[in-house]
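Each chain, letter by letter, is given below.
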Amino acid sequence: DGGITQSPKYLFRKEGQNVTLSCEQNLNHDAMYWYRQDPGQGLRLIYYSQIVNDFQKGDIAEGYSVSREKKESFPLTVTSAQKNPTAFYLCASSMGQGSTYEQYFGPGTRLTVT
Amino acid sequence: GEDVEQSLFLSVREGDSSVINCTYTDSSSTYLYWYKQEPGAGLQLLTYIFSNMDMKQDQRLTVLLNKKDKHLSLRIADTQTGDSAIYFCAERDDKIIFGKGTRLHILP
């Protein structure tokens, strides 16, 4: 089955620790995205990547970092510099970056930092 | 800047039609989308409409687009308990912009 997997589904960390969220896709999509979702809020774009070894900041990139060493993988690191890291994180992918390409979403990772 | 607005809540009786409304600001949007999010899950693309269309129907779903007023609606006919979810409207030109989502609650 083709799709996007995110692991783990729930993640707990202590304040001050970096944590990496996994996102893998086997759809052969070129573009991948990370969004943050807070209660009562829409999705906010953190980072996106259109091609391997290249990525761009989204609207709320501060305190986050990404890498894109392989086409199928786009891990997100939430650093200790992120002031409010507790949130639901969604990864998505699309065939390309252009407007004709719809985004497919993974199941999400809920991160709780205490 | 670009913005997408939706009401946050909608309650509908089982069997009635649900109509979820959305307004957007970017007149150059090429595609408009409706996504569904069930509790604790990711977003699932329900349907989309190209900006040169004014209506699209897919089984129980009807999308209406009024490009002049920048208004998009999603009608769900014969609403069922499985339709209970958050529905996101999104517009796309060079990037995709999501609304905050409308939580649809089904009354028995």
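Rules and cut-offs
- Residues numbered from 1 in each chain as written.
- Chains lettered and ligands numbered in written order.
- Predicted model: local features only at pLDDT ≥ 70, side-chain atom pairs only at ≥ 80, totals over all residues.
- Heavy atoms only, no water.
- Helix = DSSP H or I, 4+ residues; strand = E, 2+ residues; numbered from the N terminus.
- Buried < 20%, exposed > 50% of the residue type's maximum accessible area, 1.4 Å probe, protein only.
- Contact = heavy atoms within 4.5 Å.
- Polar contact = N/O pair within 3.5 Å; in protein donor to acceptor, adjacent residues only side chain to side chain.
- Pairing = 2+ DSSP bridges.
- Buried area = accessible area lost by both parts, 1.4 Å probe.
- Salt bridge = Lys/Arg side-chain N within 4 Å of Asp/Glu carboxyl O.
- Disulfide = S-S within 2.5 Å.

Student: In this structure, what is going on with the environment of Gln37 of chain B? I would like to understand it.
Tutor: Relative to the elements of secondary structure, Gln37 of chain B occurs in strand S4 (residues 31-37). For Gln37 of chain B, a relative accessible area of 6% translates into the label buried. Along the primary structure Gln37 of chain B and Arg103 of chain B are separated by 66 residues, whereas in three dimensions their C-alpha atoms are 9.3 Å apart. Apart from the residues within four sequence positions on either side, Gln37 of chain B is in contact with Gln37, Phe88 and Leu90 of chain A together with Gly42, Leu43, Ala85, Ile86 and Phe88 of chain B. Looking at Gln37 of chain B, its side chain comes within polar contact range of the side chain of Gln37 of chain A, at 2.9 Å.

Student: What am I meant to see in the pairing of strand S9 (residues 87-94) of chain A here?
Tutor: The side chains of a regular strand alternate between the sheet's two faces. Residues and elements named next belong to chain A. Buried residues dominate S9, accounting for 8 of its 8 residues. Because side chains alternate across S9, one face comprises the buried residues Ala87, Tyr89, Cys91 and Ser93, and the other comprises Phe88, Leu90, Ala92 and Ser94, equally buried. Both strand S4 (residues 31-37) and S9 contribute to a ladder of 7 bridges, which runs antiparallel. Residue Tyr33 lies in a different strand from S9, and its bridge partner there is Ala92. Relative to strand S11 (residues 109-113), S9 runs antiparallel, the two sharing 3 bridges. For Phe88, the partnering residue across the bridge sits in S11 and is Arg110. Relative to strand S10 (residues 104-105), S9 runs antiparallel, the two being bridged by 2 bridges. In the strand pairing of S10, Ala92 is matched with Phe105.

Student: How do you make sense of unusual backbone geometry when you look at a structure like this?
Tutor: What is expected of a backbone is that most residues other than glycine have negative phi and most peptide bonds are trans. In this chain, Ser7 of chain A is followed by Pro8 of chain A through a cis amide linkage whose omega measures -10°. Counting through the fold element by element, Pro8 of chain A comes out in the loop between strand S1 (4-7) and strand S2 (10-13). One non-glycine residue, Asn53 of chain A, adopts positive backbone phi at about 65°. Looking at the secondary structure, you find Asn53 of chain A in the loop between strand S5 (43-51) and strand S6 (54-57). Positive phi is not limited to glycine here, since Gln59 of chain B has a value of about 55°. When you line up the elements, Gln59 of chain B lands in the loop between strand S6 (55-58) and strand S7 (61-66). Judged by its relative accessible area of 76%, Gln59 of chain B is exposed.

Student: Hey, could you run me through the interface of chain A and chain B in this one?
Tutor: Interfaces are frequently sized by the accessible area removed from exposure as the parts join. With 22 residues of chain A at the contact, the number on the chain B side is 20 residues. When chain A packs against chain B, close to 1600 Å² is buried across both sides, 50% of that on carbon and sulfur atoms. Our count for the contact surface shared by chain A and chain B stands at 0 salt bridges. For the pair chain A and chain B, the number of links is 4 residue pairs in polar contact (both at pLDDT 80 or more).

Student: How do you make sense of the state of the cysteines when you look at a structure like this?
Tutor: The bond known as a disulfide is covalent and runs between the sulfur atoms of two cysteines. A full pass over the atoms with the stated rule returns 2 disulfides over all chains. Note on cysteine connectivity: Cys23 of chain A is disulfide-linked to Cys91 of chain A, with sulfurs 1.8 Å apart. Residues Cys23 of chain A and Cys91 of chain A share a disulfide whose torsion about the S-S bond is about -70°; that sign makes it left-handed. One end of the pair, Cys23 of chain A, is in strand S3 (residues 19-25); the other, Cys91 of chain A, is in strand S9, and 68 residues separate them in sequence. When its relative accessible area of 1% is taken as the criterion, Cys23 of chain A is described as buried. Among the residues examined, Cys91 of chain A registers a relative accessible area of 0% and is labelled buried. Covalently, Cys22 of chain B is tied to Cys89 of chain B through a disulfide, its sulfur atoms 2.0 Å apart. Between Cys22 of chain B and Cys89 of chain B, the S-S dihedral sits near -65°, and the bridge is therefore left-handed. Residue Cys22 of chain B is located in strand S3 (residues 18-24), and its partner Cys89 of chain B is located in strand S9 (residues 85-92); the two are separated by 67 residues in the primary sequence. The pair formed by Cys22 of chain B and Cys89 of chain B is uniform in burial state, with each residue classed as buried.

This is a description of form; function is not addressed.
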